[in-house]
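Each chain, letter by letter, is given below.
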Amino acid sequence: MKIENTQKSFDELLSLIQKARQSAYRQINQTLINLYWSVGEYISHKTDKDNWGRGVVEELAKYIKEKDPSIGGFTARNIWRMKKFYETYSNNPKLTPLVSQVSWTNNLIILSGDKSEE
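For clarity, every value in this text was computed on a predicted model and none was experimentally measured.

(A) Broad picture of the packing of helix 3 (residues 76-89) against helix 4 (residues 104-112). Two numbers describe how helix 3 lies on helix 4: the axes approach to 11 Å, and their chain directions differ by 70°. Taken together, the axes of helix 3 and helix 4 are roughly perpendicular relative to one another. Where helix 3 approaches helix 4, its residues Arg 81, Met 82, Lys 84, Phe 85, Thr 88 and Tyr 89 are matched on the opposing element by Trp 104, Asn 107, Leu 108, Ile 110 and Leu 111. For the contact of helix 3 with helix 4, a count of residues per class yields 7 nonpolar, 2 polar and 2 charged.

Written out as structure tokens, the structure reads:
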């Protein structure tokens with residue numbers, strides 16, 4: 001009987017740990033999506049107002065890598081994806097609050113798929 005109670009207690013604690021981990025992953029994802037949104041917004045405005053193009057974004061990607069090699073995921077290709085992410089959803093008030101609830105990978109899959117509003 002004591003072993004069963006101990007096992008039940010262990011299962012309960014394991015469940016708490018797993019739930020906390022999932023919550024942390026969701027918060028991290030939301031923070032990263034908000035960052036990617038901000039980067040996309042910034043790049044979108046720079047390309048419109050300051051004529052930033054492929055060369056400037058490539059320089060930016062190199063600059064980030066040189067200044068802080070521990071920062072990953074900010075290649076020129078990914079920065080352009082962030083811009084596309086921002087521009088795709090920024091004018092849709094129904095979707096804008098929901099994009100941070102979806103992982104970055106799933107957002108990229110959505111962006112690469114059908115271009116319709118669905």
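(B) Representation of the packing of aromatic side chains. The final tally for this structure, using the stated rule, is 7 aromatic pairs. When the ring of Tyr 36 is compared with that of Phe 74, the centres are 6.1 Å apart and the planes differ by 65°; the resulting orientation is edge-to-face. Residue Tyr 36 is located in helix 1 (residues 2-49), and its partner Phe 74 is located in the loop between helix 2 (54-67) and helix 3; the two are separated by 38 residues in the primary sequence. On the basis of relative accessible area, Tyr 36 is assigned to the buried category, the value being 11%. A residue is classified by how much of its surface remains accessible, and Phe 74, at 14% relative accessible area, is buried.

What counts, and where the lines are drawn
- Residues numbered from 1 in each chain as written.
- Predicted model: local features only at pLDDT ≥ 70, side-chain atom pairs only at ≥ 80, totals over all residues.
- Heavy atoms only, no water.
- Axes fitted to C-alpha atoms, helices over the stretch in contact; angles between N-to-C directions.
- Helix = DSSP H or I, 4+ residues; strand = E, 2+ residues; numbered from the N terminus.
- Parallel < 35°, antiparallel > 145°, perpendicular 65-115°, else oblique.
- Contact = heavy atoms within 4.5 Å.
- Nonpolar A, V, L, I, M, F, W, Y, C, P; charged D, E, K, R; others polar.
- Phe/Tyr/Trp six-rings, centres within 6.5 Å; stacked < 30°, edge-to-face > 60°.
- Buried < 20%, exposed > 50% of the residue type's maximum accessible area, 1.4 Å probe, protein only.

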